Amino acid sequence: MRVYHSSTCEVSRPDTHHSRDYLDFGRGFYVTTLKDQATSYAKRFTRRGRKAFLNTYLLDELLLANFRVRRFDAYDEEWLDFVMTCRKGEDTSDWDVVVGGIANDRVFTTVDLYFSGEMSKRDALGRLAYEKPNDQLCIRTQEALDALLAFEGAEEVI
């Protein structure tokens, strides 16, 4: 499967060490199968006057069975609780890979209101029920990253 990662540089040798804390699925290397989504994200860098690159990899789906994978198929209570735990820096799970929806602008607003206490969990889940999950994969261990991804190339996004 072809996956994409947006960055301010070419990332031919991805690692988990350069990841930021407090992200949706915790610390790791994030990719998506949606080229348009990755390109849109890369353009956030160009709007800030920075270079942007769309890095492309082949992900070996057969090897996923060798790792601990957590999948979220919907923006449901389990997804919301997991994202909240990760964004607080309180995740202690040992998943190698986490797959599920990304908190895009619309979803982020709902999640942010819930996290800040301005919206109940019930109301947040009610709003999220109308959102169709897009896709992100967070590869959280270097072992999984080295085994699963093969760099194909990078192109500058203008």
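To keep things clear, this report deals only with the structure shown in the data block. Model, not experiment: these values are computed from the prediction. (Residues numbered from 1 in each chain as written. Predicted model: local features only at pLDDT ≥ 70, side-chain atom pairs only at ≥ 80, totals over all residues. Heavy atoms only, no water.)

A short note on the nonpolar core
Step number 1: Core analysis: the largest hydrophobic core is formed by 20 residues, its most contacted members being Phe25, Phe72, Trp79, Leu80, Phe82, Val107 and Leu128.
Step number 2: At the level of secondary structure, the elements contributing two or more residues to this core comprise helix H2 (77-87), helix H3 (105-115) and helix H4 (121-128).
Step number 3: No other element matches H2, which puts six residues into this core.
Step number 4: Dropping the residues within four chain positions of it, Val107 is found in contact with Tyr75, Trp79, Ile102, Leu128 and Glu131. (Core = buried A, V, L, I, M, F, W, Y, C linked by side-chain atoms within 4.5 Å. Buried < 20%, exposed > 50% of the residue type's maximum accessible area, 1.4 Å probe, protein only. Helix = DSSP H or I, 4+ residues; strand = E, 2+ residues; numbered from the N terminus. Contact = heavy atoms within 4.5 Å.)

A short note on the packing of aromatic side chains
Step number 1: Under the criterion given, the structure shown has eight aromatic pairs.
Step number 2: When the ring of Tyr41 is compared with that of Phe45, the centres are 5.9 Å apart and the planes differ by 90°; the resulting orientation is edge-to-face. Taken together, the positions of Tyr41 and Phe45, both in helix H1 (residues 35-47) and four residues apart, correspond to about one turn of that helix.
Step number 3: Overall, Phe45 belongs to the buried group, its relative accessible area being 13%.
Step number 4: When the ring of Tyr114 is compared with that of Phe115, the centres are 6.0 Å apart and the planes differ by 50°; the resulting orientation is tilted.
Step number 5: Three or more aromatic residues link up through ring pairs in this structure, and these residues are Phe25, Phe72 and Phe82. (Phe/Tyr/Trp six-rings, centres within 6.5 Å; stacked < 30°, edge-to-face > 60°.)

Things to note about the side chain of Ser7
Step number 1: Along the chain, Ser7 turns up in strand E1 (residues 2-7).
Step number 2: For Ser7, a relative accessible area of 11% translates into the label buried.
Step number 3: Only 3.3 Å separates the side chain of Ser7 from the backbone nitrogen of Cys9, close enough to count as a polar contact.
Step number 4: Not counting residues up to four positions away in its chain, the partners in contact with Ser7 are Phe45, Lys51, Ala52, Phe53 and Asn55. (Polar contact = N/O pair within 3.5 Å; in protein donor to acceptor, adjacent residues only side chain to side chain.)

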